[in-house]
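Below, each chain spelled out in residue letters.
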Amino acid sequence: MPLTSPRNMFDRALKEGFAVGAFNVNNMEIIQGILQAGAEEDAPVILQVSAGARKYAGQNYIVRLVEAGLMESDLPVVLHLDHGADFEICRDCVDGGFTSVMIDGSHLPFEENIALTRRVVDYAHERGVWVEAELGRLAGVEEDVHAEHSVYTDPDQAVEFVRRSGCDSLAVAIGTSHGAYKFKGEAKLDFDRLKTIGDLLPGYPLVLHGASSVPQEFVRACNEYGGHVAGAAGVPEDLLRKAASMAVCKINIDTDIRLAITASIRKALAEHPEEFDPRAYLKPAREAVRNMVRHKMRAVLGCSGKA
Ligand code: G3H
Ligand code: 13P
Ligand code: ZN
């Protein structure tokens, strides 16, 4: 099945109260693990590629790996650019076969964010490509995405932003953050704000970034087998489930993939110190991705059986 647009997935997600998982991909094993999970759960899948992933693997490699995966699958799969920083990267991904791009102007003043998003929307829509934008800022630090403090999305601004920019979906800031250290104390999301935004934009798909739940069994395994991952905490699964039942249609997960892989590889290498065939530890790592993603689809996103 060829790559698809998120449109049908999100329409159904809104109506039926689930969310589609958007998983960051960087190499073959991650793509295979996610697509296997999607096939086993009969779930729609969004594979997303960051600027860092493009730099690491090369856009052509990533696109061809995804295409190879699709040759063996009839799942609906979206190929999405995650956190596009400027018009040019969005254009390159639209031209390179992505079916969805994110333009992230969330660090810009409101009017500049609208203008940049509008420019990407005009280019992408002419070519049938979906555009996600972001309003409000998440805390946390990642490559090219830095924010010391969250600035939650203002509901009235969200309405104006969507109307004037023409973006197809909107990432909102309601208390999540990128990476493995999301909450020092109690984990809280601003569901009142999410509800208000959803009510003001009926039928409109919202996106939740920074939505890894940082499973403690991965953190423990990393630490048990020689790692040092101290104080990591994610978004509790029940909060994600609640967001998925509201207007959130796309939930972004990267950190949990990193943790699943690293925990698995650390364990394999510690238990078999004589081993130096990469397949011996990449195979269980791919399985760890698959199992983690299956669990998300079934127990958190609610998208099993919705392909
Ligand atoms: O939110 C973005 C992802 O976690 C991407 O991270 O830029 O290190 O690939 P990355
Ligand atoms: P996590 O760091 O919580 O996995 O978030 C990933 C993300 O938002 C990618 O855009
Ligand atoms: Zn993000």
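Let me begin by describing the structure that accompanies this report. (Residues numbered from 1 in each chain as written. Chains lettered and ligands numbered in written order. Predicted model: local features only at pLDDT ≥ 70, side-chain atom pairs only at ≥ 80, totals over all residues. Heavy atoms only, no water.)

## Considerations on the sheet that holds strand β3 (residues 77-84)
And then number 1: The strand order β1-β2-β3-β4-β5-β8-β9-β10 describes a closed barrel built from eight strands, whose pairing is parallel. Averaged over neighbouring strand pairs, the angle between their axes works out to 25 degrees when direction is ignored.
And then number 2: Sheet topology places strand β8 (residues 169-172) next to strand β9 (residues 206-208); two bridges connect them, and they run parallel. Across the sheet, residue L170 finds its bridge partner in β9, namely L206.
And then number 3: In the packing of helix α8 (residues 191-200) onto the sheet, the strands contacted are β8, β9 and β10 (248-253), and the crossing angle to β9 comes to about 155 degrees.
And then number 4: Against the sheet, helix α12 (residues 278-301) engages β1 (20-24), β2 (45-49) and β10, with an angle of about 150 degrees to β1. (Pairing = 2+ DSSP bridges. Helix = DSSP H or I, 4+ residues; strand = E, 2+ residues; numbered from the N terminus. Axes fitted to C-alpha atoms, helices over the stretch in contact; angles between N-to-C directions. Contact = heavy atoms within 4.5 Å.)

## Thoughts on the side chain of E132
And then number 1: Relative to the assigned elements, E132 resides in strand β5 (residues 130-135).
And then number 2: With a relative accessible area of 1%, E132 lands in the buried category.
And then number 3: The residues contacting E132, other than those within four sequence positions of it, are H80, V101, M102, I103, S169, A171, V207, H209 and K250. (Buried < 20%, exposed > 50% of the residue type's maximum accessible area, 1.4 Å probe, protein only.)

## Observations regarding the coordination of the zinc ion (ligand 3)
Octahedral metals with six donors have ideal donor angles of 90 or 180 degrees. Tetrahedral metals with four donors have an ideal donor angle of 109.5 degrees.
And then number 1: Around the zinc ion (ligand 3), the protein contributes the donor atoms H83 (NE2), H178 (NE2) and H209 (ND1), which lie 2.0 to 2.1 Å from the metal centre.
And then number 2: In primary sequence terms, the donor set of the zinc ion (ligand 3) follows H-x94-H-x30-H. One end of the pair, H178, is in the loop between β8 and α8; the other, H209, is in the loop between β9 and α9 (216-224), and 31 residues separate them in sequence.
And then number 3: A residue is classified by how much of its surface remains accessible, and H178, at 14% relative accessible area, is buried.
And then number 4: Judged by relative accessible area, which is 1%, H209 ranks as buried. (Donors = N, O, S within 2.8 Å, 3.2 Å for Na, K, Ca; no water.)

## So, the site of ligand 2
And then number 1: Near ligand 2 you find 15 residues, and of these D82, K182, S212, D254 and T255 are the closest.
And then number 2: One nitrogen or oxygen atom from the side chain of H178 is found 3.1 Å from an oxygen atom belonging to ligand 2.
And then number 3: D254 has a polar backbone atom sitting 2.7 Å from an oxygen atom of ligand 2.
And then number 4: Protein chains bury 97% of the 310 Å² of accessible surface belonging to ligand 2 in isolation.
And then number 5: For the shell around ligand 2, the secondary structure elements donating two or more residues are β3 and β10.
And then number 6: Taken together, the residues of the shell around ligand 2 break down into two nonpolar, ten polar and three charged. (Near = heavy atom within 4 Å. Polar contact = N/O pair within 3.5 Å; in protein donor to acceptor, adjacent residues only side chain to side chain. Areas by Shrake-Rupley, 256 points an atom, 1.4 Å probe, with all protein chains shown as cover. Nonpolar A, V, L, I, M, F, W, Y, C, P; charged D, E, K, R; others polar.)

## Some details on the environment of G136
And then number 1: Of note, G136 is situated in the loop between β5 and β6 (140-142).
And then number 2: G136 sits in the buried class, given a relative accessible area of 13%.
And then number 3: As for G136 and A171, which are separated by 35 residues in sequence, their C-alpha atoms are 8.2 Å apart.

## Overview of unusual backbone geometry
And then number 1: Positive phi is not limited to glycine here, since D42 has a value of about 55 degrees.
And then number 2: Within the secondary structure layout, D42 lies in the loop between α2 (28-41) and β2.
And then number 3: Of note, V214 is a non-glycine position whose phi angle comes to about 50 degrees, a positive value.
And then number 4: Take V214: it is sitting in the loop between β9 and α9.
And then number 5: Residue classification places V214 among the buried positions, given a relative accessible area of 2%.

## Points about the state of the cysteines
Working definition: the covalent bond between the sulfur atoms of two cysteines is a disulfide.
And then number 1: By the definition in use, this model includes zero disulfides.
And then number 2: The structure places no disulfide on C93, whose sulfur is separated from the nearest cysteine sulfur, that of C90, by 7.0 Å.
And then number 3: Residue classification places C93 among the buried residues on the basis of a relative accessible area of 0%. (Disulfide = S-S within 2.5 Å.)

## Considering the pattern of salt bridges
And then number 1: Applying the stated rule across the entire model yields 20 salt bridges.
And then number 2: Of the charged contacts in the structure, one is a salt bridge between R118 and D122, with a shortest N-O distance of 3.3 Å. Here R118 and its partner D122 are both found in helix α6 (residues 110-126), four residues apart, which amounts to about one turn of the helix.
And then number 3: Residue classification places R118 among the partly exposed residues on the basis of a relative accessible area of 31%.
And then number 4: With a relative accessible area of 40%, D122 lands in the partly exposed category.
And then number 5: As a salt-bridge pair, E126 and R127 come within 3.8 Å of each other at their nearest N and O atoms. (Salt bridge = Lys/Arg side-chain N within 4 Å of Asp/Glu carboxyl O.)

So yeah, pure geometry; function would need other evidence.
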